[in-house]
Amino acid sequence: MLLVVGCEQSYTPKPKGYNRLILPPHEYTATPDSLPYNFEMSTSARILPDSTWLAERYWINLFYPKITANIQITYKSLKKDKQFLKELVNDSYKLTSKHQIKAYAIDESVVLTPLGKTAVVAELQGEVPSQFQFFVTDSTENFLRGAIYFRTSTKNDSLAPAIEYMKIDAMHLLNTLRWKTESKQLK
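Residues numbered from 1 in each chain as written. Predicted model: local features only at pLDDT ≥ 70, side-chain atom pairs only at ≥ 80, totals over all residues. Heavy atoms only, no water.

*Asks:* Just give me the short version of the sheet that holds strand E7 (residues 103–112), but keep the residues and values in it.
*Replies:* Spatially, E4-E5-E6-E10-E9-E8-E7 is the arrangement adopted by the 7 strands of the open sheet, whose pairing is antiparallel. Edge strands, defined here as strands with exactly one partner in the open sheet, are strand E4 (46–49) and E7. Each strand of the sheet is rotated relative to its neighbour by a mean of 20°, with strand direction disregarded. Bridging between E7 and strand E8 (residues 118–126) involves 9 bridges; their strand directions are antiparallel. Pairing of Asp-107 across the sheet is with Glu-123, part of E8. Along the sheet face, helix H2 (residues 82–97) touches strand E6 (69–77), E7, E8, strand E9 (132–137) and strand E10 (142–150) and points at about 15° away from the line of E10. Strands strand E5 (60–64), E6, E7, E8, E9 and E10 of the sheet are contacted by helix H3 (residues 160–176), whose axis makes an angle of about 5° with E9. (Pairing = 2+ DSSP bridges. Helix = DSSP H or I, 4+ residues; strand = E, 2+ residues; numbered from the N terminus. Axes fitted to C-alpha atoms, helices over the stretch in contact; angles between N-to-C directions. Contact = heavy atoms within 4.5 Å.)

Okay, structure coming up:
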């Protein structure tokens, strides 16, 4: 009798669980001097060269291994070509608008950084591959575009803390961005 009663198991279903993200503190370090721009990047990130087939010399990815995310940075030298600047700005808007299929909102804003730069920032909501994009230019010599991507199939509502974390780092990048030509003029 003890064996029959002692072996009886009661099963209680467990509630659906979600991944717990442990995000590192926001700490920053300067980018290397080998780029035509510099900014403060997260100490949690590594710089990887962009390995896509159309990548150019100063295109990089700030890769965050702990959360499998990256900020893709593309850079173009303008050489005072106003038509080229116009094309780059239009391309930036087109790349953002390609997400309209899955985005239920795209909030664009113009941001003035503490260093006097004007950036256009787009925050995308919905199940989109890139939740935050930006570009900044001095309109004569430099153009830099960035976008946050996560290398995961996890739904964006579950990624919300990591998305916010990455937005803070992207805004810090924008707020500390300097062009190399600026740095030379300051010395």
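*Asks:* Break down the nonpolar core for me, with residues and values.
*Replies:* Grouped together as the largest cluster of nonpolar side chains are 32 residues, with contacts concentrated most on Tyr-37, Leu-62, Ile-71, Phe-134 and Met-166. Here this core gets 7 residues from one element, more than from any other, and that element is H3. Ignoring any residue separated from it by four or fewer positions in sequence, one finds Tyr-37 in contact with Thr-31, Tyr-58, Ile-60, Ile-73, Tyr-75, Leu-144, Leu-177, Arg-178, Trp-179 and Lys-180. Leu-78, Leu-88, Val-89 and Val-120 belong to the second-largest nonpolar core, a separate cluster that totals 7 residues. (Core = buried A, V, L, I, M, F, W, Y, C linked by side-chain atoms within 4.5 Å. Buried < 20%, exposed > 50% of the residue type's maximum accessible area, 1.4 Å probe, protein only.)

*Asks:* Please set out the packing of aromatic side chains residue by residue, giving values where relevant.
*Replies:* Counted by the stated rule, this structure contains 8 aromatic pairs. Look at Tyr-37 and Tyr-75: their rings are 5.4 Å apart centre to centre, the planes differ by 45°, and that puts the pair in the tilted class. Taken together, the residues span a long stretch of sequence, with Tyr-37 in strand E2 (residues 37–38) and Tyr-75 in strand E6 at a distance of 38 residues. Tyr-75 sits in the buried class, given a relative accessible area of 7%. With 5.6 Å between their ring centres and 85° between their planes, Tyr-93 and Phe-135 make a pair best called edge-to-face. Taken together, the residues span a long stretch of sequence, with Tyr-93 in helix H2 and Phe-135 in strand E9 at a distance of 42 residues. Residue class for Tyr-93 comes out partly exposed when judged on its relative accessible area of 34%. Cluster of aromatic residues (ring-pair linked, three or more members): Tyr-37, Phe-39, Tyr-58, Tyr-75 and Trp-179. (Phe/Tyr/Trp six-rings, centres within 6.5 Å; stacked < 30°, edge-to-face > 60°.)

*Asks:* So what about the side chain of Thr-31? Which residues, and what values?
*Replies:* By the element assignment, Thr-31 lies in the loop between strand E1 (28–30) and E2. Among all residues touching Thr-31, those that are not within four sequence positions of it are Tyr-37, Asn-38, Phe-39, Met-41 and Ile-47.

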